[in-house]
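# Structure at a glance
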Amino acid sequence: MVWQAIIIFIAQLLFVPVLTLRTIMMVKGMKKRTAAMGILEGAIYVGALGLVFSDLSNYYNMIAYALGFGVGLYIGALIEEKLAIGYVTIEANIPDRNEPLISRLREVGFSVSTSPVEGMNSTRYRLDCTARRDREKEFIRVVENHEPKAFIASYEPRSFKGGYITKAMKKRREKFLKKKRREQEESQSA
């Protein structure tokens, strides 16, 4: 009796993160990966539900199913956050044109466009950048180090075409990862 509840709980811990990733991949247009995840999701789902429906008087199974679903959602959200699939567009609104900030962002591989904008009481400067989602926090950290009072907003673009980002993105990413590996090796040898 209890072993079924444990199996159901574990199945849900697998099922829900797969469901989460499948949904994200579908939204991002990754058709083949979505289909593969859907097959895996379906197999786990049928197995877990089969155990629950085999004995509807066993409340442990139902509780395990619900608990596994909730914990699985949390795990799925953590996995998605770590994978950071896709791109993000980040806008930073700063009080003045900050050349050291702009230079630093470009130095670490971000393609940054700048423009003066009319604020409520003064002219401000806006920095625009589209980057991989896994670099969003790094961008924000660099801006906050140079402009603690910056207004920063980010959103996911549905699509984009052309421009600097599509040509140089792969090269910048490879350079960034190589630098990170080198830094890790240096810190390990020190």
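Residues numbered from 1 in each chain as written. Predicted model: local features only at pLDDT ≥ 70, side-chain atom pairs only at ≥ 80, totals over all residues. Heavy atoms only, no water.

## Let's talk about the overall build of the protein
What the protein contains, in helices and strands, is six helices and four strands. When the helices and strands of the protein are listed from N to C terminus, the series reads α-α-α-β-α-β-β-α-β-α. Its C-alpha atoms give the protein a radius of gyration of 23 Å, clearly above 16 Å, the size a compact globule of 190 residues would have. In the protein, which comprises 190 residues, the proportion classed as buried is 36%. Excluding contacts between residues fewer than 6 apart, the proportion of contacts in the protein whose partners are at least 24 apart in sequence is 73%. For the protein, the exposed surface amounts to about 12500 Å²; the carbon and sulfur share of it is 60%. Side-chain charges of the protein comprise 30 positive and 20 negative groups, with the mean position of each set lying 7 Å from the other. (Helix = DSSP H or I, 4+ residues; strand = E, 2+ residues; numbered from the N terminus. Rg over C-alpha atoms; globule rule 2.2 N^0.38 Å. Buried < 20%, exposed > 50% of the residue type's maximum accessible area, 1.4 Å probe, protein only. Contact = heavy atoms within 4.5 Å. Areas by Shrake-Rupley, 256 points an atom, 1.4 Å probe, with all protein chains shown as cover. Lys, Arg positive; Asp, Glu negative; His and termini not counted. Charge placed at Lys NZ, Arg CZ, Asp CG, Glu CD.)

## Things to note about the sheet that holds strand β3 (residues 123-132)
Strand order in the open sheet formed by four strands is β2-β3-β1-β4, and the pairing between neighbours is antiparallel. One side of each edge strand has no neighbouring strand; the edge strands of this open sheet are β2 (112-118) and β4 (151-155). Across the sheet, the axes of successive neighbouring strands diverge by a mean angle of 20°, strand direction being ignored. Pairing geometry for β2 and β3, over seven bridges, is antiparallel. Residue pairing across strands places P116 opposite Y125, the latter belonging to β3. Taken strand by strand, helix α4 (residues 99-107) contacts β1 (87-94), β2 and β3, and its axis lies near 150° from that of β2. Those strands touched by helix α5 (residues 136-146) are β1, β2, β3 and β4, and its axis lies near 10° from that of β1. (Pairing = 2+ DSSP bridges. Axes fitted to C-alpha atoms, helices over the stretch in contact; angles between N-to-C directions.)

## Focus: a positive patch on the surface
A surface patch of like charges, here positive, comprises R141, K175, K178, K179, K180, R181 and R182. Looking at the positive patch, the element that brings in the most residues is helix α6 (residues 163-189), giving six residues. In this structure, R141 sits in helix α5. The class for R141 is partly exposed, based on a relative accessible area of 48%. (Patch = residues over 30% accessible without salt bridge, like charges linked within 9 Å, V, L, I, M, F, W, Y side chains within 5 Å. Salt bridge = Lys/Arg side-chain N within 4 Å of Asp/Glu carboxyl O.)

## Let's talk about the pairing of β3
Pairing analysis gives eight bridges linking β1 to β3, with the strands arranged antiparallel. Bridging from a neighbouring strand, V88 pairs with A131 of β3. The turn joining β2 and β3, which pair antiparallel and follow one another in sequence, is formed by four residues.

## A few points about the packing of aromatic side chains
Within this structure, the stated rule accounts for two aromatic pairs. Centre to centre, the rings of F110 and F139 are 5.2 Å apart; their planes meet at 85°, and the pair counts as edge-to-face. Here the residue F110 occupies a position in the loop between α4 and β2, and F139 occupies one in helix α5, the gap between them amounting to 29 residues. As far as the burial class goes, F110 and F139 line up, both buried. The residue whose ring lies beneath R132 is Y87, and the NZ or CZ to ring-centre distance is 5.9 Å. Lying across the ring of F110, R135 places its NZ or CZ 4.1 Å from the centre. (Phe/Tyr/Trp six-rings, centres within 6.5 Å; stacked < 30°, edge-to-face > 60°. Lys NZ or Arg CZ within 6 Å of the ring centre and 35° of its normal.)

## Description of the environment of I6
Inspection of the secondary structure puts I6 in helix α1 (residues 2-27). Separated by 69 residues in the primary sequence, I6 and I75 have C-alpha atoms spaced 17 Å apart.

## With respect to a nonpolar patch on the surface
Taken together, F53, L56, Y59, M62, I63 and L67 make up a surface patch of nonpolar side chains, about 650 Å² in accessible area. With four residues, helix α3 (residues 59-83) is the single largest residue contributor to the nonpolar patch. Mapped onto the elements, M62 comes out in helix α3. Under the relative-accessibility criterion, M62 is labelled partly exposed at 32%.

## So, the side chain of N93
With respect to the helices and strands, N93 occurs in strand β1. N93 has contacts with V117, R124, Y125, A150 and F151, leaving out every residue within four places of it along the chain.

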